[in-house]
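Listed below are the residues making up each chain.
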Protein chains: 2
Amino acid sequence: MKTFQAEIDVMPKKEILDPQGKAVTGSMKNLGLAEIQNIRIGKHISLQIEAESEQIASEKVEQACKSLLANLIMESYTFKIEQL
Amino acid sequence: MKTFQAEIDVMPKKEILDPQGKAVTGSMKNLGLAEIQNIRIGKHISLQIEAESEQIASEKVEQACKSLLANLIMESYTFKIEQL
């Protein structure tokens, strides 16, 4: 068995309003950082997984994203896997 | 002025307990994914920034992280910048 590290980003879909990001974009102005725009805030998830190959690890991470980590109605996910 | 895209990860520091990650690690077992371990959950932030150079953009993102996006007592951040 090999150990892999997965780094997953779960972001609100583009069509969906992101009120937290909007609020933070507004706060940037008050900090004198008005050149920062279009902030969107999601989740970053790191995890370790034991599997026989990178492909199996990738399938398991996919399954974890679909069933628990992301709400596919409102969020989309991307991830990277590397062997430790 | 050029436009840059920044992708920022804000994660709980290693020394700090991550109760959300612990809870999700427990749920993985119930989903039949017991090979997934050490889940840690933080924030992923994407934003756009206008600046004259990549170095200036990087400094502004650094400033935004320190003053608003990350709580440096409990969290650490990393980011990547690319020109659009």
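Right, let's walk through the structure included here. Note that this is a predicted model, so its numbers are computed, not measured. (Residues numbered from 1 in each chain as written. Chains lettered and ligands numbered in written order. Predicted model: local features only at pLDDT ≥ 70, side-chain atom pairs only at ≥ 80, totals over all residues. Heavy atoms only, no water.)

1. Some points on the pairing of strand 1 (residues 2-12) of chain B
Residues and elements named next belong to chain B. Counting buried residues along strand 1, eight of its 11 residues qualify, which places the element largely inside the surrounding structure. Sheet topology note: the strand 1/strand 2 (residues 36-51) ladder contains nine bridges and is antiparallel. Residue Ile8 lies in a different strand from strand 2, and its bridge partner there is Ile45. (Buried < 20%, exposed > 50% of the residue type's maximum accessible area, 1.4 Å probe, protein only. Helix = DSSP H or I, 4+ residues; strand = E, 2+ residues; numbered from the N terminus. Pairing = 2+ DSSP bridges.)

2. Considerations on helix 1 (residues 19-30) of chain B
With 12 residues, helix 1 of chain B should reach 16 Å at 1.5 Å per residue; the first-to-last C-alpha distance of 17 Å fits that figure. Among all positions of helix 1 of chain B, only Gly21(B), Val24(B), Thr25(B) and Met28(B) are buried. When helix 1 of chain B is viewed along its axis, its buried side chains cluster within an angular range of 105° and face the same direction. Across helix 1 of chain B from its buried face, at more than 90 degrees, point the exposed residues Pro19(B), Lys22(B), Lys29(B) and Asn30(B). The secondary structure elements touched by the buried residues of helix 1 of chain B are helix 2 (54-69) of chain A together with strand 2 of chain B. (Expected span 1.5 Å × (residues − 1). Arc of directions from axis to C-beta. Contact = heavy atoms within 4.5 Å.)

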